[in-house]
Amino acid sequence: MRFRKFLKPYKTRGSSFREHTHNKEGNMIQYLDDIIDSVRNENIVNDLEAIKCGNKSITYSELNDAVNHVALMLVDKGIKVEDRILVLMKKTIEALIVELAILKIGATFVPVDEMLPIKRIGEIIEKAHPVLAISDRIVDIGVECVQSDFLIANGNSMERIGEVALVRNRRSVDNVAYIIFTSGSTGTPKGVMISHRSIVSFIKTASQELQYNSNMRTLSLAPIYFDTSIHEIYCTLYAGGFVYLKDKFLFVRELYDVIVKNQISDLIIVSTIFKLIIQKLNDNNAEMLSSLKRVIFCGEACSVGPLLQFRNYCRNAKIIQGYGPTETTVGCMFKTIEKFESTKYGLLPLGQLIDNVYGILLDENNNEVDKGGVGVLYLAGIQVMKGYCGDEKLTSDVFYVDKNHGNTVWYRTNDLMYINEENEYCFVGRSDEMVKVNGKVVFLNEIVSRLRSYEEIDEVYINTIQDEYDLTRVVAFVILRGDMKLDEHQIKGKLGKELPDYMIPSIIKIIDKNDVCRTSNDKIDKKKLLELL
């Protein structure tokens with residue numbers, strides 16, 4: 001097996017006040033400390049606005065002081081290096097202050113959707129073993145819980161400024177920076193552990209690759225428990241730019257208004273939301289998006305049609321396709337789309353890997369496929385996760401050790417790809433039962449496992465469909481046991497107590513076992529099942 005990586009030709013970048021940090025390895029907070037100092041020193045008279053959420057905003061100096069303050073409060077509570085802290089907060093400036101403070105003292109933040117069912121939160125706690133939870137309100141989850149406003153409002157870090165420098169000594173590049181829990185194939189959530197070394201590599205490389213600078217103004221739409229938020233927020237802060245935080249919205253018009261009011265230049269957005277924005281574009285409102293300079297869509301593949309429509313209305317904005325599993329720290333490929341020519345599978349090429357990430361395509365026997373051949377993408381390098389929290393077996397299952405080439409550890413993505421004539425990776429499909437719904441990873445087997453646990457249900461078959469907006473929807477076909485009664489609404493109600501909303505099937509169809517057709521190989525004919533809808 002040959003070790004292969006396709007590099008892009010080197011391009012000269014414009015200099016910035018952070019250029020001197022690009023060649024050194026360090027802890028993420030050390031980089032952010034440097035950035036805050038640089039921004040503050042360069043704008044001593046007019047301290048720059050760093051983050052805004054609604055009508056509330058904070059400058060770089062104020063952010064620095066607030067983070068130092070909360071960091072010392074956490075030290076006073078006895079938090080140690082790599083202690084795990086559950087963050088159950090809405091997407092606010094306060095939530096970001098808490099995250100940064102946790103990182104500053106070398107602890108690990110575990111962001112969790114505060115609206116998850118208690119049972120789901122309990123499963124995360126069982127794996128992560130957090131020593132503390134920080135929430136907008138006190139919640140009874142079996143872990144000591146502190147309200148965020150208490151941490152932020154009490155004490156004075158300026159009186160203890162000398163202690164802040166001591167906090168730096170607690171950190172190591174190999175410490176776990178954060179753990180993000182996603183849907184797991186075994187029926188319980190899996191926690192992806194990302195180190196400071198990995199996230200610093202991503203922030204530096206992506207910022208250089210995408211030519212970020214201090215003039216950027218980013219609209220952050222991803223929840224804090226979704227790793228796209230790391231890209232939106234931390235890369236923008238690294239560049240000395242401005243971030244507007246918005247978590248939820250009801251209408252696309254709200255996004256248009258935020259973009260206009262805050263002169264947003266950068267969007268990093270899941271493909272499903274991008275498609276919704278494009279669908280609403282017309283001659284009357286296209287001017288509202290004129291401030292956009294870069295739009296990065298990620299999470300799911302996007303066909304050429306909607307992108308051409310966006311290009312026709314927003315010719316000044318670069319359209320960039322991003323790719324990368326959560327396990328490889330946010331993203332590992334970014335391609336600026338200049339030619340709107342799809343592959344034979346109807347999708348655009350993904351591009352080439354960024355620095356510090358290496359890839360290879362292997363067949364089912366772990367042999368490298370020939371160029372142009374389809375294989376499973378394996379990734380290696382600094383950005384690959386440390387493993388799954390509390391699950392050594394699952395970690396060993398997704399890692400492949402190449403003993404013939406220096407024991408290189410490869411992460412299996414389960415994405416089927418091939419390499420085209422331009423040495424670009426091209427997505428074909430999934431090799432397992434993992435899909436993406438609204439940009440979020442969903443293991444269909446987990447939904448099946450939950451449904452089969454209900455005594456009224458005898459058998460379950462899961463499939464996906466594309467709706468009229470080209471969005472992925474999960475469909476569940478359910479066979480009830482004997483004479484037991486259960487309808488679609490009751491099943492959704494049961495699932496709603498255990499799973500997040502995006503994992504609940506959009507359609508649940510009660511069928512008879514005689515409705516199930518099989519192929520000549522005695523496998524379920526999923527296409528025939530869809531005809532029952």
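Before reading on, note that the structure itself is shown above.
Given the structure is predicted, the values throughout are model-derived calculations rather than measurements.

1. Some thoughts on the pattern of salt bridges
Item 1. One pass over the full model with this rule turns up 20 salt bridges.
Item 2. Here Arg-450 makes a salt bridge to Glu-498, at a shortest N to O gap of 2.9 Å. Placement of Arg-450 in helix 13 (residues 444–452) and of Glu-498 in the loop between helix 14 (488–496) and strand 25 (507–510) is noted, with a sequence separation of 48 residues between them.
Item 3. Classification of Arg-450 as buried rests on a relative accessible area of 6%.
Item 4. Relative accessible area serves as the criterion here: at 11%, Glu-498 is assigned to the buried category.
Item 5. Salt bridges sharing partners connect three or more residues here, namely Lys-119, Arg-120, Glu-123, Arg-450 and Glu-498.

2. A closer look at the packing of helix 9 (residues 252–261) against helix 10 (residues 271–279)
Item 1. Relative orientation of the contacting elements helix 9 and helix 10 amounts to 85 degrees, with a least axis distance of 10 Å. Judged by the inter-axis angle, helix 9 sits roughly perpendicular to helix 10. The residues of helix 10 that touch helix 9, namely those facing Val-252, Leu-255 and Tyr-256, are Ile-273, Leu-276 and Ile-277.
Item 2. Of the residues contributing to the contact of helix 9 with helix 10, the split by class is six nonpolar, no polar and no charged.

3. Some words on the environment of Leu-96
Item 1. Counting through the fold element by element, Leu-96 comes out in helix 3 (residues 93–104).
Item 2. When its relative accessible area of 3% is taken as the criterion, Leu-96 is described as buried.
Item 3. As a C-alpha pair, Leu-96 and Leu-245 span 149 residues in sequence and 10.0 Å in three-dimensional space.
Item 4. Residues contacting Leu-96, with those up to four places away along its chain left out, are Ile-51, Ile-233, Tyr-234 and Leu-237.

4. Side note on the packing of aromatic side chains
In this description, a pair of aromatic rings is defined by centroid distance and the angle of the planes.
Item 1. One pass over the full model with this rule turns up six aromatic pairs.
Item 2. Summarising the aromatic geometry, the rings of Phe-399 and Tyr-411 are spaced 6.4 Å apart at their centres and angled 75 degrees between planes, so their arrangement reads as edge-to-face. Residue Phe-399 is found in strand 18 (residues 399–402), and its partner Tyr-411 is found in strand 19 (residues 408–419); the two are separated by twelve residues along the sequence. The same class applies to Phe-399 as to Tyr-411, namely buried.
Item 3. Three or more aromatic residues link up through ring pairs in this structure, and these residues are Phe-274, Phe-297 and Phe-310.
Item 4. Over the ring of Phe-242 we find Arg-217; its NZ or CZ atom is 4.0 Å from the centre of that ring.
Item 5. Sitting over the face of the ring of Tyr-502, Lys-440 holds its NZ or CZ atom 5.5 Å from the ring centroid.

5. What about the pairing of strand 18?
Item 1. Direction of pairing for strand 18 relative to strand 19: antiparallel, over a ladder of four bridges. Opposite Phe-399, over in strand 19, you have Tyr-411 as the bridge partner.
Item 2. Here strand 18 folds back onto strand 19, and the loop between the two strands holds five residues, one of which, Gly-406, carries a positive phi near 65 degrees.

6. Details of the nonpolar core
Item 1. With 82 residues, the main nonpolar core has Ile-51, Leu-63, Leu-74, Tyr-178 and Met-417 as its most contacted residues.
Item 2. Considering every element that reaches this core, the biggest residue donor is helix 3, with nine residues.
Item 3. For Leu-74, the contacting residues outside a window of four places in its chain are Ile-79, Ile-85, Ala-101, Ile-102, Ile-105, Leu-132, Ile-134 and Leu-151.
Item 4. If you look at the next biggest cluster of nonpolar residues, it comprises 31 residues, including Leu-219, Tyr-244, Val-258 and Ile-264.

7. Thoughts on the sheet that holds strand 24 (residues 472–480)
Item 1. If you walk across this open sheet you meet the three strands as 23-24-25, and the pairing is mixed. Of all strands in the sheet, those with a lone pairing partner are strand 23 (457–466) and strand 25, marking the two edges. Averaged over all pairs of adjacent strands, the angle between strand axes in this sheet comes to 20 degrees, irrespective of strand direction.
Item 2. Each of strand 23 and strand 24 touches helix 13; the most contacted strand, strand 23, lies at about 150 degrees to it.

8. Some details on the environment of Ile-479
Item 1. Within the secondary structure layout, Ile-479 lies in strand 24.
Item 2. A residue is classified by how much of its surface remains accessible, and Ile-479, at 6% relative accessible area, is buried.
Item 3. Ile-479 sits 34 residues away from Lys-513 along the chain, and the two C-alpha atoms are 6.2 Å apart.

9. Looking at unusual backbone geometry
Comment: phi is negative for the bulk of residues other than glycine, and the bulk of peptide bonds are trans.
Item 1. At Asn-414, a position not held by glycine, the phi torsion is positive, near 70 degrees.
Item 2. Within the fold, Asn-414 resides in strand 19.
Item 3. Despite not being glycine, Asn-423 shows a phi value in the positive range, around 60 degrees.

10. Structural notes on the pairing of strand 8 (residues 190–195)
Item 1. Buried residues dominate strand 8, accounting for six of its six residues.
Item 2. On strand 8, burial covers both faces: Lys-190, Val-192 and Ile-194 on one face and Gly-191, Met-193 and Ser-195 on the other are all buried.
Item 3. Pairing analysis gives six bridges linking strand 7 (residues 176–182) to strand 8, with the strands arranged antiparallel. Residue Ile-179 lies in a different strand from strand 8, and its bridge partner there is Met-193.

11. Details of the sheet that holds strand 1 (residues 49–53)
Item 1. Pairing is mixed in the open sheet, where eight strands are placed in the order 2-1-10-9-11-12-13-14. Across the chains shown, the open sheet's two edge strands, defined by having one partner strand only, are strand 2 (56–59) and strand 14 (333–336). Within the sheet, the average angular offset between the axes of one strand and its neighbour, ignoring direction, is 20 degrees.
Item 2. Bridging between strand 13 (residues 318–323) and strand 14 involves four bridges; their strand directions are antiparallel. When the bridges of strand 14 are listed, Tyr-323 appears paired with Met-333.

The rules we used
Residues numbered from 1 in each chain as written. Predicted model: local features only at pLDDT ≥ 70, side-chain atom pairs only at ≥ 80, totals over all residues. Heavy atoms only, no water. Salt bridge = Lys/Arg side-chain N within 4 Å of Asp/Glu carboxyl O. Helix = DSSP H or I, 4+ residues; strand = E, 2+ residues; numbered from the N terminus. Buried < 20%, exposed > 50% of the residue type's maximum accessible area, 1.4 Å probe, protein only. Axes fitted to C-alpha atoms, helices over the stretch in contact; angles between N-to-C directions. Parallel < 35°, antiparallel > 145°, perpendicular 65-115°, else oblique. Contact = heavy atoms within 4.5 Å. Nonpolar A, V, L, I, M, F, W, Y, C, P; charged D, E, K, R; others polar. Phe/Tyr/Trp six-rings, centres within 6.5 Å; stacked < 30°, edge-to-face > 60°. Lys NZ or Arg CZ within 6 Å of the ring centre and 35° of its normal. Pairing = 2+ DSSP bridges. Core = buried A, V, L, I, M, F, W, Y, C linked by side-chain atoms within 4.5 Å.

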